[in-house]
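# Structure assessment
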Amino acid sequence: MAETSGSTTVSTKLERIAKLAREMPQAALATLAHNIDIDWLREAYRRTRKDGATGVDRQTAREYANNLDGNLRSLLERAKSGTYVAPPVRRVHIPKGDGSQTRPIGIPTFEDKVLQRAVAMALEAVYEQSFLDCSYGFRPGRSAHQALQLVQSQTVKMAGRWVLEVDIRNFFGTLDHSHLRNIVRKRVRDGVLLRLIGKWLNAGVMEDGAITYPESGTPQGGVVSPLLANVYLHEVLDEWFARQVVPRLAGRAILVRYADDVVIIFEREADAHRVIDVLPKRLAKYGLTLHPDKTRLVDFRRPDRRGSASPINYGDAPSRPGTFDLLGFTHYWAKSRKGYWVVKRKTAADRFRRALKRITDWCQRHLHEPVSEQRAALTWKLLGHFGYFGIPGNFQKLKTFRYRVVCAWRKWLSRRSQRTRISWEGLNRLLERHPLPRARIRPSYVT
């Protein structure tokens, strides 16, 4: 989005906060809210998505913008005076995994999103000076693909060795409010910001017309929730692992975290088992638990170094020797064209099924729309899929996904009439007039 005239002023304030946080790494900053003024809120509004779903008040971004200055001034006054009332979030459910389960998503009102963005901007300037390099989720200038590249490079460098997949059971739903407040107070003592965070934690959730007030957790979907989650896990996992665990291990160990998705790569099996023994106790101290079926230790040693050793598996999950999943990709050993052992990545089976099911369901719901409109929507869906999963080594999965999407489109186009079923010849003619994008690797990977 284009910058506003106040963007430069806000940028200067953010740099000042960041500098102060760097110079005082152990201090709790008590004067942050005075930086939030009308220009700050305008910048927060500029950074807030305008096409998102509406909250409990059903107010759209366009409606809010009809009296933008008045709304922002009122919001600023209420936030600073303490009279702002955080509205409950509207809860919806989206498919998770293979589609048999759902993940709850909280949708705040648009005004609440703007205020959360304003607070998140201040908190981000503080905590970005403390976060470690192992953390990649929801941080400026960092992405899931960077986390994946680090995991790939480190597993190749260490010849695989032992990989611990860490799955925290229902992290966003069980995050302890009192622990979170205590952790935040270590770096932020500003009364206005702490009061707003407390209001968001206690705002409640509206589902099917009823409002509940969970005593733990923070709804996924809120603007400030990912940042608070990073603050929590920075204390619980990142710093603990870097400061206390790694110095006590006999070999190398690397933790990579994207939000609550965590893998730890160990050089020695004994070190992995030592961490497995203490990790549940560390999480329990902060009200968290490991998922017993999804947390597992994988023998990921390079195939030519495994010998006759049997693969192991931590927990009761079915063993899948030599592979592990992270951020929608399955990592596995394979030989390159030159005959070298390399770590390759392909779309994880559950993510493949989930994405295909979403598109198939969409084709069913929109089968009577004009073909040109269907083609435009499917184009964006395919480009989005290729944009994330289009990495080297995954081209065959992309081709298979496109083929399955074409099959689903043909199936539901054939249901538009009880008399006519579209043949493959007819579909090919249709694709000549309304082509769908071909599978392709992300441009950033193409030299």
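Refer to the structure presented above.
Presented here is a report on the structure given in the accompanying data block. (Residues numbered from 1 in each chain as written. Predicted model: local features only at pLDDT ≥ 70, side-chain atom pairs only at ≥ 80, totals over all residues. Heavy atoms only, no water.)

## Things to note about the overall build of the chain
Operational definition: Strands are runs of DSSP state E lasting at least two residues, helices are runs of H or I lasting at least four, and both sets are numbered from the N terminus onward. Radius of gyration means the value over C-alpha atoms here, while the globule rule gives 2.2 Å times the residue count to the 0.38 power. A simple rule labels every residue: compare its accessible area, found with a 1.4 Å probe on the protein chains alone, to the largest value its type can have, and call it buried under 20%, exposed over 50%, or partly exposed in between. Residue contacts follow a heavy-atom distance rule, with two residues in contact if any of their heavy atoms lie within 4.5 Å.
From N to C terminus, the chain includes 15 helices and 11 strands. By the compact-globule yardstick of 22 Å for 447 residues, the chain fits well, its C-alpha radius of gyration being 24 Å. In terms of principal-axis extent, the alpha carbons of the chain reach across some 65 × 65 × 45 Å. Put simply, the chain has 447 residues, and 48% of those count as buried. By sequence separation, contacts in the chain at least 24 residues apart represent 72% of the contacts at least 6 residues apart.

## What to know about the side chain of Arg296
Heads up, the rule is: Think of a polar contact as two N or O atoms within 3.5 Å of one another; within protein, one of them needs to be a possible hydrogen donor and the other a possible acceptor, and neighboring residues in sequence only count if both atoms come from side chains.
Position of Arg296 among the secondary structure elements: in strand S8 (residues 296-299). Engagement of the side chain of Arg296 in a polar contact is seen with the backbone oxygen of Thr323, the distance being 2.9 Å.

## Let's talk about the pairing of strand S7 (residues 261-266)
Under the convention used in this document: When DSSP finds two or more bridges between two strands, those strands count as paired.
Along S7, 5 of the 6 residues are buried, which leaves the element largely enclosed by surrounding structure. Pairing between strand S3 (residues 162-167) and S7: 6 bridges, direction antiparallel. The residue of S7 that forms the bridge with Trp162 is Phe266. As judged from the 6 bridges shared by strand S6 (residues 253-258) and S7, these two strands associate in the antiparallel manner.

## Some words on the sheet that holds strand S10 (residues 329-335)
Here is the rule we go by: Working convention: axes come from line fits to C-alpha atoms, limited for helices to the stretch in contact. Angles between N-to-C directions cover 0 to 180 degrees.
With antiparallel pairing, the 3 strands of this open sheet are ordered in space as S9-S10-S11. The two strands at the open ends of the sheet, each matched to only one other strand, are strand S9 (323-326) and strand S11 (341-347). In this sheet, neighbouring strand axes are inclined to one another by 35 degrees on average, regardless of whether the strands run parallel or antiparallel. Across 7 bridges, the pairing between S10 and S11 is antiparallel. Each residue of the ladder has a partner; that of Lys335, found in S11, is Trp341.

## Digging into the side chain of Thr218
Along the chain, Thr218 turns up in the loop between strand S5 (210-212) and helix H10 (225-245). We classify Thr218 as buried; its relative accessible area is 6%. A distance of 2.9 Å separates the side chain of Thr218 from the side chain of Ser225, its partner in a polar contact. For Thr218, the contacting residues outside a window of four places in its chain are Phe172, Leu175, Leu201 and Ser225.

## Focus on the sheet that holds S7
Read across the sheet, 4 strands follow the order S6-S7-S3-S8 without closing on themselves; strand pairing throughout is antiparallel. Of all the strands in the sheet, just S6 and S8 have a single pairing partner and so form its edges. Strand-to-strand twist of the sheet, defined as the mean angle between neighbouring strand axes without regard to direction, takes the value 20 degrees. Direction of pairing for S3 relative to S8: antiparallel, over a ladder of 4 bridges. Bridge assignment links Glu165 to a residue of S8, and that residue is Arg296. The sheet strands contacting helix H6 (residues 144-157) are S3, S6 and S7, and the helix crosses S6 at an angle near 160 degrees. Strands in contact with helix H11 (residues 269-285) are S3, S7 and S8; relative to S3, the strand with the most contacts, it is inclined by about 15 degrees.

## Some remarks on the packing of aromatic side chains
To be explicit about the condition: Pairing of aromatic side chains requires ring centres within 6.5 Å, counting the rings of Phe and Tyr and the six-membered ring of Trp. Pairs whose planes differ by under 30 degrees are stacked, by over 60 edge-to-face, and all others tilted. Remark: a charge is flagged as sitting over a ring if the NZ atom of Lys or the CZ atom of Arg is within 6 Å of the ring centre and within 35 degrees of the ring normal.
Enumeration according to the criterion identifies 14 aromatic pairs in this entry. Between Tyr45 and Phe110, the ring centres sit 5.9 Å apart and the planes meet at 85 degrees, which makes this aromatic pair edge-to-face. With Tyr45 in helix H2 (residues 38-47) and Phe110 in helix H5 (residues 110-127), the pair connects residues that are 65 residues apart, well separated along the chain. Both residues of the pair, Tyr45 and Phe110, count as buried. Between Phe300 and Phe324 the ring centres are 5.0 Å apart and the planes differ by 80 degrees, which places this aromatic pair in the edge-to-face class. A residue pair is termed long-range when its members are at least 10 positions apart, and Phe300 in the loop between S8 and S9 and Phe324 in strand S9 qualify at 24 residues. Owing to a relative accessible area of 0%, Phe300 belongs among the buried residues under this scheme. Through pairs of rings, three or more aromatic residues link up here, namely Phe171, Phe172, Tyr232 and Tyr286. One residue, Lys346, lies across the ring of Tyr332, its end atom 5.2 Å from the ring centre. The ring of Trp412 carries Arg415 above its face, with NZ or CZ at 4.8 Å from the centroid.

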